[in-house]
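The chain contents come next:
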Amino acid sequence: MTITQSRYVETVFASEISSGKKTPKPPPRVWYAINPPFRGYQALPTDGYPKSNDDTAIVIDNGSSLVRAGWSFDAAPRLSFPADVARFRDRKFNRTVSYVGYNAYADATTRGQIRNAFEPGTSIVGNWDVMEGVLDQIFVSLGVDAQDEGIQRPLVMTEPVANLGYSRKTMTELLFECYTAPSLAYGIDSLFSYKYNKGSNGHIISSSHSSTHVIPVINSKPITSSISRLNWGGYQGSEYLLKLLKLKYPTFPGKLTDYQAQHMVREHCYVSNDFDKEMRSYLDWTELENRDHIIQYPFTEQVAVEKSEEELARIAERKREGGRRLQEQAAKMRLEKLVRKEEELEYFKDLQQRLIGQTKKEIKRLLDDDEFKDEAQLDKVIKDMEKSVRKARNKDLGNPENAEEEEVATFPLLDVPDEELDEAGLKKKRHQRLLKSGVEARARAKVEKEQERARKAEEQRLDDERRENDLEGWLADRRASRTAIIQKIKDRERQKADLGNRKSLASQMRMKTLANLASDQPGRKRRRGGDDDNFGANDEDWGVYRTVAQGEGSDEEEEEDLDAEIQNVEAELLRYDPGFNESKTLAAQKDWTKSLMHAFLRGPRPFDPESQQEAHQLHLNLERIRIPEVVFQPGIAGLDQAGIVDIAADMINHGMGSPEDRINILKDIFLTGGNTLFEGFQERLSKELRAVLPVEASIGVRKASDPLLDAWKGAAQWSKEPAYQQARITREEYLEKGSEYLKVSVSR
């Protein structure tokens, strides 16, 4: 089955059981990865153009995350979409098509051709073809009748702090030359937001998609010489999250996209009130269920069809019936085989009787007819068949195989001198000598086993005596033995991992061994017909294959069952060492409920590697507070800059000349921009500033009524004021003074 798309699944609690009994653990809350942000068909808001006149301005908030546009008389922007354009050649209709904004995410073809108007991670327009497509979409969607006379409406456009002169110059040329705008005015987005929220003296902290600015304002005028910039915003936060997740899940089967990362940062991250303290305890099992957020990506699970009890019973009966039939067939085949063996045995015994009293020539003829070399081979075959028949009969009757006493082996020909034996006798004597060697070898092995059993029993007796007489010394030896075995297990696991890496030392030594197999002198070329190849003459030569298969340094000790050894040693420690308990065993240390890495990767629940659903899950825990913390501590993301608290405190303590101005600024610390929407941002900033500013200082921290839209609303409000008439550049002024001409106006 394939998981369908959804926002999230609420936690479902099991019904309560009667008092005194625990309720089953509820399933975790799961958020599903979002689809590409395609919104389908949207009706164009063209009804505003008939209501406008030549003095009604088109207000454009040209943000690097979303471009917002509308009429100056609107309460909110009519358009809001990303500055993305997908342009490609449609072969079916043989024409070039363009998709702008969310429409660029319509399908895989358009998504593969998406280009953004801004340089990655900045507010600087870098692709002017895309920017022109975005402006076309704005004017068409607003219903502007732009024919030969142009758009015929004045423009108000926002820009970031310290916008590049070249970028503003090119934008001015585009709007006046391409769209024949009657007038144009620029304004800083964060200052528009501050003005809309009725601020005049304060400290603006604007954290947007591409950067964070700290701007002091006195008497509605920004102190441009004191403005500071932190190169961190929402874009950098989502990129940082992508890097962390790729390091955390290097083999994740799903595809992580930029818009999914941005959505995760917005929906799941928050600012910690005490970052260092919360980081130390974030992965504790207490409350980890609530702190760990699970992001589910699409997956396909192999669903096993469950059978009913009746079907399972029928299947089991069929298996039992098949087993009975197989047993009957096997018994029948054994009986037939036994009958054939008995018939062959009778035939060979009859042949043995017929050989008595015959001449050598006749004996040889009879043996050749049945493919026997001599009478000794016939005797051996008869004895083997008698033994086989006897074994088969005992098996059918259920008797043990060793029911009959083993015959005592005799070797009479070994005492007879070779001179008294003919050629056949000498062959029998050599055969008996080999048989005697085998019997003696088995006897020696039996004695060695008995001796080994006795040695182990003696070692166990001495070990028990030492434990009774010197328990502390005995426990110290057991602890040292346990440490050594654990080290062997780690070395074995590391060696297995190294063998999979061709650049590791183990793999290099293995290849060196293979290269040296063909020569006794490494590094010297073997010439054809030169050295004699005597490999294998010594038993030690064959040990090289074990070295090649298992790696350099493998010996008999590494082939032992280390798992059984560690279990035996830990069982003894559990029995006799009061300071050693179950939680200290190797199995307990590998338990996922005690693993910090498991809590970081998989949360507070067990992980099934065979489950496709769990394999396609991301767990956000530490990342939820680590991403927003970069604004306060840029060093954790490798950014060599001070945080916003240090920047603001230094600016207030040393950048403001007048004490009165410093007091006024502290009373109104204003937050705007989408990157300030994190939960706890305002409280954390107020707490941090209180810690670095004088005790008697009065601090007031407030957030914009709408950190995302107030910049556009402030620009729309400003376009109705007299200051706008003084700040705008008319087309006549542009033609006379050029595209770099700019008016400066301060709205009070």
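The structure presented is a predicted model; accordingly, all values stated were derived computationally and were not measured. (Residues numbered from 1 in each chain as written. Predicted model: local features only at pLDDT ≥ 70, side-chain atom pairs only at ≥ 80, totals over all residues. Heavy atoms only, no water.)

Participant: What am I meant to see in the overall build of the protein chain here?
Facilitator: In terms of regular secondary structure, the protein chain is built from 26 helices and 19 strands. Scored against the burial criterion, the 748 residues of the protein chain give a buried share of 37%. (Helix = DSSP H or I, 4+ residues; strand = E, 2+ residues; numbered from the N terminus. Buried < 20%, exposed > 50% of the residue type's maximum accessible area, 1.4 Å probe, protein only.)

Participant: Is there a simple way to explain unusual backbone geometry in this structure?
Facilitator: As a rule of thumb, non-glycine residues mostly have phi less than zero, and peptide bonds are mostly trans rather than cis. Unusually for a residue other than glycine, A162 sits at a positive phi of about 55°. Mapped onto the secondary structure, A162 falls in the loop between β9 (155–159) and α3 (165–178). Judged by relative accessible area, A162 falls into the exposed class, the value being 67%.

Participant: It is not clear to me how the packing of helix α2 (residues 128–141) against α3 should be interpreted in this structure. Could you clarify?
Facilitator: Relative orientation and spacing of two packed helices are given, respectively, by the angle between their axes and the distance between those axes. In the contact formed by α2 and α3, the axes pass within 12 Å of each other and the chain directions differ by 45°. Judged by the inter-axis angle, α2 sits oblique to α3. In terms of crossing hand, the pair formed by α2 and α3 is right-handed. Residue-level contacts link W128, M131, E132 and L135 of α2 to Y166, S167, T170, M171, L174, L175 and C178 of α3. When the residues that make up the contact of α2 with α3 are grouped by side-chain class, the tally is eight nonpolar, two polar and one charged. (Axes fitted to C-alpha atoms, helices over the stretch in contact; angles between N-to-C directions. Parallel < 35°, antiparallel > 145°, perpendicular 65-115°, else oblique. Left-handed = near helix turned anticlockwise from the far one by under 90°. Contact = heavy atoms within 4.5 Å. Nonpolar A, V, L, I, M, F, W, Y, C, P; charged D, E, K, R; others polar.)

Participant: I would appreciate a short explanation of the packing of aromatic side chains in the present structure.
Facilitator: Across all of its chains, the model carries 17 aromatic pairs by this definition. Consider the rings of W71 and F73, whose centres lie 6.2 Å apart with planes at 0°: the pair is stacked. Between the aromatic rings of Y105 and Y259, the centroid separation amounts to 5.9 Å while the plane-to-plane angle is 85°, which identifies the pairing as edge-to-face. Of this pair, Y105 sits in the loop between β7 (95–100) and α1 (108–111) while Y259 sits in helix α6 (residues 258–268), placing them 154 residues apart in sequence. Residue classification places Y105 among the buried positions, given a relative accessible area of 13%. Overall, the relative accessible area of 18% leaves Y259 in the buried class. Stacked on the ring of F93, the Lys or Arg R95 has its end atom at 5.5 Å from the ring centre. (Phe/Tyr/Trp six-rings, centres within 6.5 Å; stacked < 30°, edge-to-face > 60°. Lys NZ or Arg CZ within 6 Å of the ring centre and 35° of its normal.)

Participant: Explain the sheet that holds β7 to me, please; I cannot follow it from the model alone.
Facilitator: Pairing is antiparallel across the open sheet formed by three strands, whose spatial order is β7-β6-β8. In this open sheet, the two edge strands, each paired with only one partner strand, are β7 and β8 (114–116). Pairwise comparison of adjacent strand axes, ignoring direction, gives a mean angle of 30° for this sheet. Where strand β6 (residues 84–90) lies against β7, six bridges are found, and the strand directions are antiparallel. Residue V85 lies in a different strand from β7, and its bridge partner there is V100. Across the face of the sheet, α2 comes into contact with β6, β7 and β8 while running at roughly 100° to β6. (Pairing = 2+ DSSP bridges.)

Participant: Help me understand the pattern of salt bridges in this model?
Facilitator: Close approach of charged atoms allows side chains with opposite charge to pair. For the coordinates displayed, the defined rule picks out 37 salt bridges. Among the ionic pairs, E289 bridges to R605, the shortest N-O distance being 3.0 Å. Here the residue E289 occupies a position in helix α8 (residues 288–291), and R605 occupies one in the loop between α18 (596–602) and α19 (612–615), the gap between them amounting to 316 residues. Shared partners join several salt bridges into a network, and the residues in it are E317, R320, E321, R324 and R325. (Salt bridge = Lys/Arg side-chain N within 4 Å of Asp/Glu carboxyl O.)

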